[in-house]
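A look at the structure
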Amino acid sequence: MPSPDVWLDTVTPKISITINSMLPILHKKGYSTLVTAKKQTQTTDMLDILKVPYKTVGEYGTTLKEKLATEQKRTLEFLELFDTVGYPKVLWTHGDISAIRTAFGLKIPIVYANDTVFAYAVAKLACPLVDYLVTPKCFGNSWSKFGISKARIVHYDGLEELAYVGTEFEKPKSLKDITNQKKPRILFRDAEYQAVYCKNVKVDSEKLLQELTKLGTIIYLPRYEKEKTKLEKIPNVWIPPEPVLTAQLIPYIDLMIGSGGTACRETALCGIPTINFHFWDAQSKYLYKKGFPIQIIRNTKRIITTAKNLLQKSNKINTQELLNKLESPIPTWAKHIEQCLQKQK
């Protein structure tokens with residue numbers, strides 16, 4: 001079996017969706033691919049929904065000791081996999097340390113996509129090892145502090161979510177149930193509180209959720225399995241019975257309230273009024289300055305007041321003209337993957 005040209009590794013739901021958008025581009029160029037995914041419900045769920053073939057490698061840890069141990073183990077699992085499927089020629093990843101360390105140790109060139117500059121631990125370990133860091137322009141050269149030269153930092157004028165925003169995804173049968181839910185409909189996404197970088201969330205999300213249920217139906221996208229049991233008992237909270245993409249929910253929702261990550265950017269890019277209660281980072285500010293409907297509020301009472309005002313009138317906007325002015329990262333990723341491959345000829 002010939003070695004795969006491009007190895008793509010995912011450890012988050014967003015990157016799983018992103019890889020789905022990248023594969024046709026790489027295959028059109030004639031490159032063979034290998035997709036690996038860390039065993040995590042939403043990461044692999046997204047690949048399953050999109051029917052992307054992949055190999056499960058590694059899992060997550062909870063404590064610092066477990067995280068370290070699972071990362072070390074994952075490196076060995078990669079080696080076992082490559083002995084079977086062949087050693088890839090270039091790695092594209094979004095920041096899993098074990099994939100980057102493995103590629104570096106094997107002298108496999110690395111194209112590194114990252115838009116989470118606040119994840120210091122990952123950036124410190126990853127940036128010095130990669131050949132190219134491809135990142136949104138709004139971050140400037142802030143990555144240089146992590147030990148990567150400016151010459152290896154590549155910018156594009158957009159956000160990673162533009163790799164797939166606007167794509168038509170097949171809707172699961174369970175979404176027909178959403179039409180039976182009381183309007184207005186508010187999409188809610190809590191903070192990723194098990195991540196090492198998640199701290200100082202000022203909003204009490206449980207209290208906020210209870211207040212929001214008085215305004216309409218909360219469509220809740222849980223991050224972790226244990227959330228479902230607790231939330232299913234709360235009136236006016238609807239949890240999709242099967243994994244769904246935020247993009248599949250866009251036509252049904254009137255407001256987004258979330259911790260400030262991917263889902264908030266997805267809804268704002270699609271013209272849904274979005275309240276971010278955690279991260280007001282470079283990307284959120286970038287979207288706000290570009291005219292997309294996103295704002296930061298870190299006070300529960302103000303979030304409720306603002307939500308009421310936004311829901312009293314239709315505030316969805318057509319963002320197509322704004323989107324036309326931004327860049328998808330896919331051409332830039334593909335270009336640098338190709339450069340890495342050509343250097344090996």
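Relevant structure appears above.
Residues numbered from 1 in each chain as written. Predicted model: local features only at pLDDT ≥ 70, side-chain atom pairs only at ≥ 80, totals over all residues. Heavy atoms only, no water.

The next thing to look at is the packing of helix α3 (residues 64-85) against helix α4 (residues 97-105). Where α3 meets α4, the closest approach of the two axes is 9 Å, and the angle between their N-to-C directions is 50°. Considering the angle they form, α3 stands oblique to α4. In the packing of α3 onto α4, the handedness of the crossing is right-handed. On α4, the residues touching E71, Q72, R74, T75, F78, L79 and F82 of α3 are I97, S98, A99, R101 and T102. For the contact of α3 with α4, the residue count by class is five nonpolar, four polar and three charged. (Axes fitted to C-alpha atoms, helices over the stretch in contact; angles between N-to-C directions. Helix = DSSP H or I, 4+ residues; strand = E, 2+ residues; numbered from the N terminus. Parallel < 35°, antiparallel > 145°, perpendicular 65-115°, else oblique. Left-handed = near helix turned anticlockwise from the far one by under 90°. Contact = heavy atoms within 4.5 Å. Nonpolar A, V, L, I, M, F, W, Y, C, P; charged D, E, K, R; others polar.)

Geometry of an aromatic ring pair is reported as the spacing of the ring centres plus the angle between the planes. Counted by the stated rule, this structure contains ten aromatic pairs. Between the aromatic rings of F78 and F82, the centroid separation amounts to 6.1 Å while the plane-to-plane angle is 15°, which identifies the pairing as stacked. Placement of the pair is F78 and F82 together in helix α3, with a separation of four residues, close to one helical turn. A relative accessible area of 1% places F82 in the buried class. (Phe/Tyr/Trp six-rings, centres within 6.5 Å; stacked < 30°, edge-to-face > 60°. Buried < 20%, exposed > 50% of the residue type's maximum accessible area, 1.4 Å probe, protein only.)

With that settled, consider the layout of surface pockets. For the second largest pocket, the calculated volume is near 310 Å³. Looking at the second largest pocket, it is lined by 16 residues, and the ones nearest its centre are G166, T167, E168, I250 and C270. Among the elements of the structure, α8 (246-249) and α12 (320-324) are those that each provide at least two residues to the lining of the second largest pocket. Here the residues of the lining of the second largest pocket sort into eight nonpolar, six polar and two charged. (1 Å grid on protein atoms, 1.4 Å probe; cavity = no way out; pocket = protein on both sides within 12 Å on 5 of 7 lines; lining within 4 Å. Points joined across faces, edges and corners; volume = space filled by probe spheres on them.)

The next subject is the environment of I275. Here I275 is to be found in strand β12 (residues 274-276). Between the C-alpha atom of I275 and that of R298, which follows or precedes it by 23 residues, the distance is 9.3 Å. Setting aside chain neighbours within four positions, we find I275 in contact with M256, I257, G258, C264, Q295, I297, I303, T306, A307 and L310.

We now examine α3. The end-to-end C-alpha distance of α3 is 31 Å, a good match for the 32 Å that 22 residues give at a rise of 1.5 Å each. Looking at α3, one finds that the buried residues are T70, E71, R74, T75, F78, L81, F82 and V85. Buried positions in α3, seen along its axis, are confined to an arc of 155° and lie on one side of it. Turned more than 90 degrees away from the buried face of α3 sit K65, L68, L76, E80, D83 and T84, all of them exposed. On its buried face, α3 sits against β1 (6-10), β2 (33-39), β3 (55-59) and α4. G86 sits one or two positions beyond α3 and adopts a positive phi of about 100°. (Expected span 1.5 Å × (residues − 1). Arc of directions from axis to C-beta.)

Moving on: the sheet that holds strand β13 (residues 294-296). Sheets are built from strands that pair by backbone hydrogen bonding, the pairs being arranged parallel or antiparallel. With respect to topology, six strands assemble into an open sheet ordered β10-β9-β8-β11-β12-β13, the strand pairing being parallel. Both edges of this open sheet fall to β10 (237-238) and β13, since each of them pairs with a single strand only. Inspection of the sheet shows strand β11 (residues 255-258) paired to β12 by three bridges, in the parallel sense. For I257, the partnering residue across the bridge sits in β12 and is I275. Sheet contacts for helix α6 (residues 205-212): β8 (185-189), β9 (217-220) and β11; angle to β8, the most-contacted strand, approximately 170°. Taken strand by strand, helix α11 (residues 300-311) contacts β8, β11, β12 and β13, and its axis lies near 165° from that of β11. (Pairing = 2+ DSSP bridges.)

With 32 residues, the main nonpolar core has V6, L8, M22, W92, V111, W333 and I337 as its most contacted residues. With six residues, the top contributor of residues to this core is helix α1 (residues 13-28). Setting aside residues up to four positions removed in sequence, M22 forms contacts with L8, W92, I330, W333 and I337. (Core = buried A, V, L, I, M, F, W, Y, C linked by side-chain atoms within 4.5 Å.)

The subject of this paragraph is the pairing of β11. Side chains L255 and I257 project from β11 onto one buried face, and the interleaved M256 and G258 project onto a second face that is buried too. As defined by bridge partners, β8 adjoins β11 across four bridges and the pair is classed as parallel. The residue bridging I186 from the neighbouring strand is L255, located in β11.

By the element assignment, K55 lies in strand β3. Linking K55 and L81, residues 26 residues apart in sequence, is a C-alpha distance of 8.6 Å.

The next subject is the sheet that holds β2. As summarised here, the arrangement of the seven strands in space is β3-β2-β1-β4-β5-β6-β7, forming an open sheet in which the pairing is parallel. For this open sheet the edge positions go to β3 and β7 (153-156), each flanked by a neighbour on one side alone. Pairs of neighbouring strands in the sheet enclose a mean axial angle of 20°, with direction left out of account. Pairing of β2 with β3, which is carried by three bridges, proceeds in the parallel orientation. Among the inter-strand pairings, A37 is bridged to a residue of β3, identified as T56. Where α3 meets the sheet, its contacts fall on β1, β2 and β3, and the angle it forms with β2 comes to roughly 150°.

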